[in-house]
Amino acid sequence: MGFARTCSVTLVGVEGVVVEVQADLEPGVAAFTLVGLPDKSLTESRDRVRAAVVNSGGEWPQKKLTVGLSPASVPKAGSGFDLAVACAVLGAAERIDPRVLTDIVMIGELGLDGRVRPVRGILPAVLAAADAGFEQVVVPESAAAEAALVPGVSVLGVRSLRQLVAVLTDEPVPEEAPQEPERPDPLLAGLRDLGGGAATGMSGGPGRYDQGHDLADVVGQHSARTAVEVAAAGGHHLFLEGPPGAGKTMLAERMPSVLPPLDRQASLEVTAVHSVAGLLPPDRPLIDTAPYCAPHHSATMQALVGGGPGTARPGAVSLSHRGVLFLDETPEFSSKALDALRQPLEAGHVVIARSAGVVRFPARFLMVLAANPCPCGRFSRTDDRCECPPSAIRRYQARLSGPLLDRVDLRVEVDAVTRTELTAAGARGETTATVADRVRAARERAGARFDGTPWRLNSEIPGRELRSRWQATPGAMDEAERSLERGVLTARGIDRVLRVAWTVADLAGHDRPDATDVALALQLRTGVPRGVPMAIGAAV
């Protein structure tokens, strides 16, 4: 009887669970049994592993073979167990010393010719291995850079099963034919989640929004530009309402480049989500810029918040984690999909319950909504070109529920661009770099204020902490409290006004929000003019 064991990792959402892969050989009729709640793709590994071992020059044991995946109560999915299963079988057959395999985690899919193919979720899998105390990890060669992001773990990248067996048995490592640079790498074929980009607005990959986009390209829209700056500095959600062609999409596309670069922890979180979704570019193992996700208005609830048949996949809210989620033509989204955003907006994560278990995806994003004022888009207080009946306008605007809008901190009406603004020479606004510097300075002030707490942005502070520890100057909140009494603001709304006022104060360099800061926050929250300039520091 022969026995060997090694380890691999299964993913539950974006969290990994270390699985012990055990192989047992006994005398009897040659058979291969795989136990431990495997899914269909994992069950098929029996044929892939057998062919890979034989085509790599190994001898397949002609005995009764049982491979167990422990813990057996955790569902296992995917083809990333192939490498561990093959080595465990070779260890049980004494082709490899079983003692060498015990403390190694192996992740990778095997081709029938023995090549090791990359799989999704390498980064969260290696993070789980490191948390479990493992120091050695074997991954596909093309995913070695992604795995090396985890500190304290020795990563071995292999291109074939033959190479791994040679390394484990101290034999000369065979040379593999290099990939021709002008031809696509077949090992990367199928790694991306087909159709995932089209459903979530991530088809261009992270960073695609920053190709020549600059805030200076936006003509006019001084109020909207101020709202974008405040939203970026404090992480506040933004609602832009205006006619078609006014610049709502241009402003949203330029917001990610205003946000500061991601820190190390945020970069690992974002990279892990995109790795699980199959949207991580092969040449970019670490995402260090804020992601941008703009799903089409026909996206389903599962495409927005995650889920789907079989293994739950991250949706648009998770793909925009630590970045920007832009919902253009928001009233055209289904009400069911929009209302599903309420929980992640408050909690910062999505919980998806399935019969096989509960999956949790991170979803702390900055939401930007854009909508026309009516079906034809021409309705405004200063223009009478709209031909929509009042009932149609009410129905159109009612598609955005009150509870959803109550979670939006900033609401700005974007006016149509005039001929004078469009043709004026030398009237370009501030560049992205200038605004980004102010945003970075404001976030540094907020970070210093929240030092020693679990929060970093004004939008993250709970209401009770905000009212007790970070108050405005005496009398500054009087107008906001009167709005609460008149029913203009809810209790949640007045907390959000105070959060926005702190962001305005950070941008203006004030120690505490004064009456002017609160008035600007109220104006941004309600859309009602309060007699203050819509520009940071204009009245200072």
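Structure: above.
Enquirer: I'm lost on unusual backbone geometry in this one. Help?
Expert: With glycine set apart, most residues show a phi of negative sign, and most peptide bonds adopt trans. The residue after Ser 70, namely Pro 71, is reached through a cis peptide bond having omega 10°. Position of Pro 71 among the secondary structure elements: in the loop between β4 (64-70) and α3 (82-92). Not every positive phi belongs to a glycine, and Glu 94 is a case in point at roughly 65°. With respect to the helices and strands, the residue Glu 94 is situated in the loop between α3 and α4 (98-101). Even without a glycine there, the phi angle at Glu 329 is positive, about 50°. Position of Glu 329 among the secondary structure elements: in the loop between β12 (324-327) and α14 (335-339). Glu 329 gets classed as partly exposed once you look at its relative accessible area, which sits at 27%.

Enquirer: Which parts of the structure should I look at to understand the packing of aromatic side chains?
Expert: How two aromatic rings sit relative to each other is set out by the distance from centre to centre and by the angle between their planes. With the rule as written, the count across this model stands at three aromatic pairs. For the ring pair Phe 450 and Trp 470, a centre distance of 5.0 Å and an interplane angle of 85° mean the geometry is edge-to-face. In this pair, Phe 450 sits in the loop between α19 (432-449) and α20 (463-469) while Trp 470 sits in the loop between α20 and α21 (478-485), placing the two residues 20 residues apart along the sequence. A single burial state applies to Phe 450 and to Trp 470, both of which are buried.

Enquirer: What exactly am I supposed to notice about the nonpolar core here?
Expert: When a protein is soluble and globular, its nonpolar side chains tend to lie buried together. Ranked by internal contacts, the top residues of the largest apolar core, which has 57 residues, are Leu 238, Leu 240, Met 255, Val 368, Val 518 and Leu 524. At eight residues, the largest contribution of residues to this core is made by helix α22 (residues 491-508). If we skip the residues at most four places from it in the chain, Leu 524 touches Ala 227, Val 230, Asp 409, Leu 410, Arg 411, Val 412, Val 500 and Met 534. Core analysis: the next-biggest nonpolar cluster, separate from the first, contains 37 residues, Ala 23, Leu 42, Ala 92 and Ile 104 among them.

Enquirer: Before we go on, may I ask you to explain the sheet that holds strand β16 (residues 410-413) in this structure?
Expert: Strands pair in a sheet through their backbones, by hydrogen bonds, and they do so in one of two ways: parallel or antiparallel. The sheet built from five strands is open, its strands ordered β11-β12-β15-β10-β16 with parallel pairing. Where the open sheet ends on each side, the last strands, each with one partner, are β11 (292-293) and β16. Bridging between β12 and strand β15 (residues 366-371) involves four bridges; their strand directions are parallel. Paired with Leu 327 across the bridge in β15 is Leu 369.

Enquirer: Please explain the environment of Leu 319 as it appears in this structure.
Expert: Along the polypeptide, Leu 319 turns up in helix α13 (residues 316-319). In this structure the C-alpha to C-alpha distance between Leu 319 and Tyr 292, which are 27 residues apart in sequence, comes to 8.1 Å.

What counts, and where the lines are drawn
- For every chain, the first residue of the written sequence is number 1, and numbering continues from 1 onward in sequence order.
- Whole-chain, interface and lining totals are the exception, using all residues; otherwise, since this is a predicted model, local features are given only for residues with pLDDT of at least 70 and side-chain atom pairs are given and counted only at 80 or more.
- Side-chain numbers here rest on the full set of heavy atoms in the structure, without hydrogens or water.
- Only runs of H or I of at least four residues qualify as helices and only runs of E of at least two qualify as strands under DSSP, and these elements are numbered from the N terminus.
- Whether a residue is buried, partly exposed or exposed follows from its accessible area with a 1.4 Å probe, protein chains only, as a fraction of its type maximum: under 20%, in between, or over 50%, in that order.
- For this analysis, a ring pair means two rings from Phe, Tyr or Trp (six-membered ring only for Trp) whose centres lie within 6.5 Å, classed as stacked if their planes differ by under 30 degrees, edge-to-face if by over 60, and tilted for the remaining angles.
- Here, nonpolar core means buried Ala, Val, Leu, Ile, Met, Phe, Trp, Tyr and Cys residues that are tied together by side-chain atoms lying within 4.5 Å of each other.
- Should any heavy atoms of two residues lie within 4.5 Å, those residues are considered in contact.
- By definition, two strands form a pair when at least two bridges between them are found by DSSP.

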